[in-house]
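Fold and geometry: a report
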Amino acid sequence: GAGVSQSPRYKVAKRGQDVALRCDPISGHVSLFWYQQALGQGPEFLTYFQNEAQLDKSGLPSDRFFAERPEGSVSTLKIQRTQQEDSAVYLCASSLTDRGTSPLHFGNGTRLTVT
Amino acid sequence: GNSVTQMEGPVTLSEEAFLTINCTYTATGYPSLFWYVQYPGEGLQLLLKATKADDKGSNKGFEATYRKETTSFHLEKGSVQVSDSAVYFCALSDRDLGKLTFGQGTILTVHP
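All values derive from a computational prediction rather than experimental measurement. (Residues numbered from 1 in each chain as written. Chains lettered and ligands numbered in written order. Predicted model: local features only at pLDDT ≥ 70, side-chain atom pairs only at ≥ 80, totals over all residues. Heavy atoms only, no water.)

Some words on the side chain of Ser72 of chain B
Residue and element names in this part refer to chain B. Here is the rule we go by: Runs of H or I in DSSP of at least four residues are treated as helices and runs of E of at least two as strands, each being numbered from the N terminus. Any N or O atom pair separated by 3.5 Å or less is treated as a polar contact, with the protein-specific requirement of one donor-capable and one acceptor-capable atom, and with residues adjacent in sequence counted only for side-chain atom pairs. Residue contacts follow a heavy-atom distance rule, with two residues in contact if any of their heavy atoms lie within 4.5 Å.
Its location among the elements puts Ser72 in the loop between strand 8 (62–65) and strand 9 (75–77). Side chain to side chain, Ser72 and Thr70 meet in a polar contact 2.8 Å long. Among residues more than four places away in sequence, those in contact with Ser72 are Cys23, Thr24, Tyr25, Leu33, Thr65, Tyr66 and Arg67.

Encoded structure:
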């Protein structure tokens with residue numbers, strides 16, 4: 001497809017379980033971003049990749065969150081020992097360049113519910 | 001740090017009414033400004049953008065002007081339609097990296 005694809009669409013995890021969320025960006029896009037969107041709020045930045053390099057992870061809320069993009073394409077966001085406060089929609093976005101004028105293309109997100 | 005403040009919602013209008021959603025920002029440097037829209041059941045989509053002061057972004061009848069002197073980027077549409085019902089997010093990006101900072105979103109509902 002032409003857009004950013006995220007899987008799974010929905011994920012329910014028991015507190016303490018590990019989860020892995022996948023993002024397939026638009027082919028050829030250099031930049032990849034992960035955002036966390038709590039209910040009724042705007043998305044909040046988690047981390048940023050330029051190709052395979054993770055250049056900014058300042059938004060990751062704790063060391064339980066880990067992201068990778070080993071070949072500069074598909075990315076995985078992993079959350080270890082999930083907590084109820086991790087419940088949110090996790091959005092992936094990609095951009096053709098690494099410049100601030102290039103718009104982000106968002107996936108539909110993964111809705112994570114921790115019970 | 002960077003921040004974006006949007007007017008509180010939700011906003012409810014009748015079809016063909018005039019729409020304004022206020023957005024102000026705080027940023028270091030010279031950010032680019034964006035409006036994104038999220039239709040029910042869909043992902044965030046870029047609605048319009050402006051990359052420098054006094055630029056006007058426009059799309060689908062929506063407009064917003066980058067006002068550096070008032071640090072604002074208000075969204076306007078002269079005549080809304082039922083199909084415009086969605087959540088609207090104002091955002092700014094760091095000019096060098098493209099990292100977006102979002103407002104909290106404004107829910108718009110348009111009735112026939």
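Having put the structure on the table, let's press on.
Concerning the interface of chain A and chain B
So the rule is basically this: When two parts are put together, the accessible area they lose, computed with a 1.4 Å probe and summed over both, is reported as buried area. Salt-bridge detection follows one rule: a side-chain nitrogen of Lys or Arg within 4 Å of a carboxyl oxygen of Asp or Glu.
Listed by partner, the interface residues are 22 residues for chain A and 23 residues for chain B. Surface buried jointly by chain A and chain B totals about 1,700 Å² across both partners, of which 53% is contributed by carbon and sulfur atoms. There are one salt bridge connecting chain A and chain B. One salt bridge in this structure joins Lys99 of chain B and Asp56 of chain A, with 3.1 Å as the shortest N-O distance.

A short note on unusual backbone geometry
Put simply, the rule is: Burial classes: relative accessible area under 20% of the type maximum marks a residue as buried, over 50% as exposed, and values in between as partly exposed (1.4 Å probe, protein chains only).
The step from Ser7 of chain A to Pro8 of chain A runs through a cis peptide bond, and the omega angle for that step is -5°. Position of Pro8 of chain A among the secondary structure elements: in the loop between strand 1 (5–7) and strand 2 (10–13). Cis geometry is adopted by the peptide bond preceding Pro10 of chain B, which originates at Gly9 of chain B and carries an omega value of -10°. Here Pro10 of chain B shows up in the loop between strand 1 (3–6) and strand 2 (11–14). Although it is not a glycine, Thr71 of chain B sits at a positive phi angle of roughly 45°. Assignment of secondary structure puts Thr71 of chain B in the loop between strand 8 and strand 9. Accessibility expressed as a relative area gives 31% for Thr71 of chain B, which makes it partly exposed.

With respect to the sheet that holds strand 3 (residues 19–21) of chain B
Residues and elements named next belong to chain B. As a reminder of what qualifies: Two strands pair under a simple rule: DSSP has to find at least two bridges between them. In this analysis an axis means a line fitted to C-alpha atoms, helices contributing only their contacting stretch, and an angle means the value between N-to-C directions, from 0 to 180 degrees.
On the basis of which strands lie adjacent, the open sheet formed by four strands has the order 3-9-8-7 and antiparallel pairing. Edge positions in the open sheet fall to strand 3 and strand 7 (56–59), since each of these has one partner strand only. Ignoring strand direction, the axes of neighbouring strands in this sheet form an average angle of 15°. In this structure, strand 3 lies alongside strand 9, joined through three bridges in antiparallel fashion. Residue pairing for strand 9: Thr20 is matched across the bridge by Glu76.

So, the nonpolar core
All names here are of chain B. Here is the rule we go by: Grouping buried Ala, Val, Leu, Ile, Met, Phe, Trp, Tyr and Cys residues that are joined through side-chain atoms within 4.5 Å yields what is termed a nonpolar core.
Among the nonpolar cores identified, the biggest contains 26 residues, and Leu19, Trp35, Leu47, Leu48, Phe73, Leu75 and Tyr88 are the most heavily contacted of them. Elements supplying a minimum of two residues to this core: strand 2, strand 3, strand 4 (23–26), strand 5 (32–38), strand 6 (44–50), strand 8, strand 10 (86–93) and strand 12 (106–111). The leading source of residues in this core is strand 10, at four residues. Excluding residues that lie within four positions of it along the chain, Leu19 makes contacts with Val11, Leu13, Phe62, Leu75, Glu76, Lys77, Val80 and Leu108.

Notes on the packing of aromatic side chains
Which entries qualify depends on this criterion: Ring geometry is summarised as follows: Phe, Tyr and Trp rings, the Trp one being its six-membered ring, pair when their centres sit within 6.5 Å, and such pairs are stacked at plane angles under 30 degrees, edge-to-face over 60 and tilted between the two. A ring is considered to have a charge above it if a Lys NZ or an Arg CZ atom is located within 6 Å of its centre and within 35 degrees of its normal.
If you walk through the whole model with that rule in mind, you get 13 aromatic pairs over all chains. Their ring planes at 40° and their centres at 6.1 Å tell us that Phe34 of chain B and Tyr36 of chain B sit as a pair that is tilted. We note that Phe34 of chain B, like Tyr36 of chain B, is buried. Ring geometry for Phe89 of chain B against Phe102 of chain B: centres 6.1 Å apart, planes inclined by 90°, an arrangement best described as edge-to-face. Of the two residues, Phe89 of chain B is situated in strand 10 and Phe102 of chain B in strand 11 (residues 100–102); the sequence distance between them amounts to 13 residues. Here a set of aromatic residues connected by ring pairs shows up, and it is made of Phe33, Tyr35, Phe45, Tyr48 and Phe106 of chain A together with Phe34, Tyr36, Phe89 and Phe102 of chain B. Over the aromatic face of Tyr10 of chain A sits the side chain of Arg9 of chain A, whose NZ or CZ is 5.6 Å from the ring centroid. Between Lys99 of chain B and the ring centre of Phe45 of chain A, over which it is positioned, the NZ or CZ distance is 4.5 Å.

Description of the side chain of Gln37 of chain A
Tracing the backbone shows Gln37 of chain A in strand 4 (residues 31–37). In this structure the side chain of Gln37 of chain A is engaged in a polar contact, spanning 3.0 Å, whose partner is the backbone oxygen of Gln41 of chain A. For Gln37 of chain A, the residues in contact, after removing those within four places along its chain, are Gly42, Pro43, Ala88, Val89 and Leu91 of chain A together with Gln38 and Phe89 of chain B.

Read these as spatial facts, not as claims about activity.
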